[in-house]
Structures are given as C-alpha cells and as structure tokens.
Amino acid sequence: MVLLTLLAVVTVAIVRQRSLFGVVILAGIYSFLMASVLIVLDAVDVAMTEASVGAGVSTVILLATLHLIKTTEMRSVRRHVLPLFVSAVTGAVLVWGTLVLPPFGTADAVIHKHVVPRYIADTIKETNVPNVVTAVLADYRGYDTLGETTVIFTAGIGVMLLLRGARRRGRTDREKVSP
Amino acid sequence: MSLDLILRVGTKLILPFILLFALYVQFHGDFGPGGGFQAGVITAGMVILLAITFGLKAAQRVAPRSLVERMIPLGALIFAGTGVVGLVMGKNYLDYSVFSRDPAHGHELGIFLVEAGVLITVAGTMTALFYAFVERGR
C-alpha cells in the first residue's frame, strides 16, 4: 500500500514536472518503486529486469537523449480535457476489471490450474533446472524467448541504422567545412 | 576530462564486481532469479559506467564498437542455431533433448546455450544503443 501510494505520488510529480531532466530521474525512481512492488509480489525475476532495464539502462539512454534535445518541456497552450477523460475512463475500466480477479495468491485460481502444476511437478525431472521460471522461459516457452531475442535484435539494428546513418551525414558536412 | 578522484577510484573498485555479479546472475539463473536478459543488461551497465566515468575511449578499448555490434546478431544466431540442432537430429525445433543421451541433461545444456545467446544479444544491443546515442551527441 505504501509502495502504491509512492507510485501514485511519483506519477503525479512526473506529470507536473516541466524539466525533462527531473522527469527522467523521477522515471528512474518509479522503476525502482515498481521493482519493489514486484518483489513484494514474489516476482523476483521480473523485479530484477525492471531494476536493471527500467531504472538502469533506460535512465542512461534517456539522459543521453536529453543531451541531444532541449531539456524543458513546452507549456501546453490549451487544457487537454478529452485525453484526461479517456485516461480516467481507461483507468476506471482496468480497476473495475481487477474486481472480478481471484484474490492474490489463491491456489485454485484458473491460471494456476492449467499447465502450472505440470511445470512445478516435472521441471526438475525433465530439465535438471530447479528454477521453474528459467525452465519455462528458455525451454517450455523457448519460442517466445526466441521471439523476444529477435525483437531486441531488431530494435538494436533499427536504432543503430537511424542514429548512425544521420551521424555519418553530419560528419561529411563538417569535413566539407573544415578540410 | 577531469573528474573526481573518488569517483574514478570507486568506479575502478566496483567494475570487476559488477561483471562478477553479471556472471553470477547468468550462471546461477538455473537455481535462483536471473538469466541471460538480466545478466546482459548488467554487463552493458558495466560498460556504460566505464564510459561515463572514464570517457567513451576507455569503454571502447574494453568493448570496441565492432565487437559490440557483432554480438547482436551472434546471440540471436546462437539461440536460433540451438533450435536448428534439434531439427537436424530428427526432433522438433528447440527440442533440447538431443544434446545428451539423458534428455534431462540435454535440456539443461540447451537452456544454458539459449541463455548464453540471450546474454550476448542483450549485452551487445544495450551497449550499442548507448554508443549510438553518445556518439550522436558529439
């Protein structure tokens, strides 16, 4: 509850903040809070990813981006009533959706009855790997992880093409000016 | 580039431990939380910290851009290639039981290879992204 309140406070602070540097730092704080929430929910693997990617690398890359652009957000000219309305309604619908979910940690929830018992019972026998999360990620759901790796590969190649192509053109311009 | 002595010495002290932690996360992923993705990000984090404190040149001596950019497809190829081995040996794609006579041991080995592929791609991508952004800013 404390963590969720802090998350809300940080979110409001991000929205109200004009300096983009502050926004990046607050987003890092948000990621760390989120990682703590995930630890409370016993999802340590996800918490680790959130802390390293969300709070670590993203913050650094966002700061590097700030180096390239202006660091103050422009004040908006008019009030955004419709976007506020849409996000409030979406949020309300999502909260309403959680009301019919089974309580957290119930053993007889639908999601725990499908393949989970088989994973928990057979992982050690079938893969010699005690961490079921790793076994599911890399073995039972190997296709999904292959897809994720391909996504990372594609994203990396894409960003490099965008940023480095432009850089090379910039350099030739500069070389023309100062031979 | 003149920076705090404390910062430099502190970074120097902490760097090997970051790498060690990344390797621990990678190889202990079978037993505890962690795996290729997290380990890759931590490895990239080490290179980024090095670049922030000692400058881009020092970081690129440790992880040259050509190496980092080759790691991106290499990891994906290791992952996909691990699947092809199963195909060649007459089983399904990504069926790791072909790696050893004991299927469970084969699965263990397959998971290890796949995680290594993920580590290489993620570490390469994250470092290459950082390099791309920083070099653009010059």
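Residues numbered from 1 in each chain as written. Chains lettered and ligands numbered in written order. Predicted model: local features only at pLDDT ≥ 70, side-chain atom pairs only at ≥ 80, totals over all residues. Heavy atoms only, no water.

## So, the overall build of chain B
Here's step 1: When helices and strands are counted, chain B shows five helices and zero strands.
Here's step 2: For chain B, the spread of C-alpha atoms along the principal axes amounts to about 60 × 30 × 20 Å.
Here's step 3: The buried share of chain B, reckoned over its 138 residues, is 51%.
Here's step 4: Taking the contacts inside chain B whose residues are at least 6 apart along the sequence as the reference set, 63% of them involve residues at least 24 apart.
Here's step 5: Of the roughly 6700 Å² that chain B leaves accessible, carbon and sulfur atoms contribute 69%. (Helix = DSSP H or I, 4+ residues; strand = E, 2+ residues; numbered from the N terminus. Buried < 20%, exposed > 50% of the residue type's maximum accessible area, 1.4 Å probe, protein only. Contact = heavy atoms within 4.5 Å. Areas by Shrake-Rupley, 256 points an atom, 1.4 Å probe, with all protein chains shown as cover.)

## Section: the overall build of chain A
Here's step 1: Secondary structure summary: chain A contains seven helices and zero strands in total.
Here's step 2: Along its sequence from the N terminus, chain A presents helices and strands in the succession α-α-α-α-α-α-α.
Here's step 3: Its C-alpha atoms give chain A a radius of gyration of 22 Å, clearly above 16 Å, the size a compact globule of 179 residues would have.
Here's step 4: In terms of its C-alpha atoms, chain A occupies a principal-axis envelope of roughly 70 × 45 × 25 Å.
Here's step 5: A total of 179 residues make up chain A; the buried ones form 27% of that total.
Here's step 6: Of the contacts formed within chain A by residues at least 6 apart in sequence, a portion of 42% connects residues at least 24 apart. (Rg over C-alpha atoms; globule rule 2.2 N^0.38 Å.)

## Side note on the nonpolar core
Here's step 1: Formed by 45 residues in total, the largest nonpolar core has its most connected members in B:F130 and B:Y131.
Here's step 2: Sorting the residues of this core by element identifies α3 (44-68) and α7 (142-177) of chain A together with α1 (5-27), α2 (36-54), α3 (56-62), α4 (65-88) and α5 (103-136) of chain B as the ones contributing at least two each.
Here's step 3: Considering every element that reaches this core, the biggest residue donor is α5(B), with 12 residues.
Here's step 4: Discounting chain neighbours no more than four positions away, the residues touching B:F130 are A:V60, B:I48, B:A51, B:I52 and B:L56.
Here's step 5: If you look at the next biggest cluster of nonpolar residues, it comprises five residues, including A:L7, A:L26, A:L33 and A:V37. (Core = buried A, V, L, I, M, F, W, Y, C linked by side-chain atoms within 4.5 Å.)

## Observations regarding the side chain of B:T11
All names here are of chain B.
Here's step 1: Looking at where T11 falls in the secondary structure, it is placed in helix α1.
Here's step 2: Taking the relative accessible area as the measure of exposure, T11 reaches 6% and is therefore buried.
Here's step 3: Once you skip the residues sitting within four places of it in the chain, T11 turns out to touch L49, T53 and F54.

## Side note on unusual backbone geometry
Here's step 1: Even without a glycine there, the phi angle at A:D42 is positive, about 65°.
Here's step 2: Position of A:D42 relative to the elements: it lies in the loop between α2 (20-40) and α3.

## Let's talk about the interface of chain B and chain A
Here's step 1: Listed by partner, the interface residues are 44 residues for chain B and 40 residues for chain A.
Here's step 2: Interface area, chain B with chain A, both sides summed: about 3900 Å², of which 74% is carbon and sulfur.
Here's step 3: Counting every contact that joins chain B to chain A gives zero salt bridges.
Here's step 4: Where chain B packs against chain A, one counts three residue pairs in polar contact (both at pLDDT 80 or more).
Here's step 5: For the side of chain B that touches chain A, the secondary structure elements donating two or more residues are α1, α2, α4 and α5 of chain B.
Here's step 6: Of the residues forming the side of chain B that touches chain A, the biggest block, 20 residues, is contributed by α5(B).
Here's step 7: The class makeup of the residues in the side of chain B that touches chain A is 27 nonpolar, nine polar and eight charged. (Buried area = accessible area lost by both parts, 1.4 Å probe. Salt bridge = Lys/Arg side-chain N within 4 Å of Asp/Glu carboxyl O. Polar contact = N/O pair within 3.5 Å; in protein donor to acceptor, adjacent residues only side chain to side chain. Nonpolar A, V, L, I, M, F, W, Y, C, P; charged D, E, K, R; others polar.)

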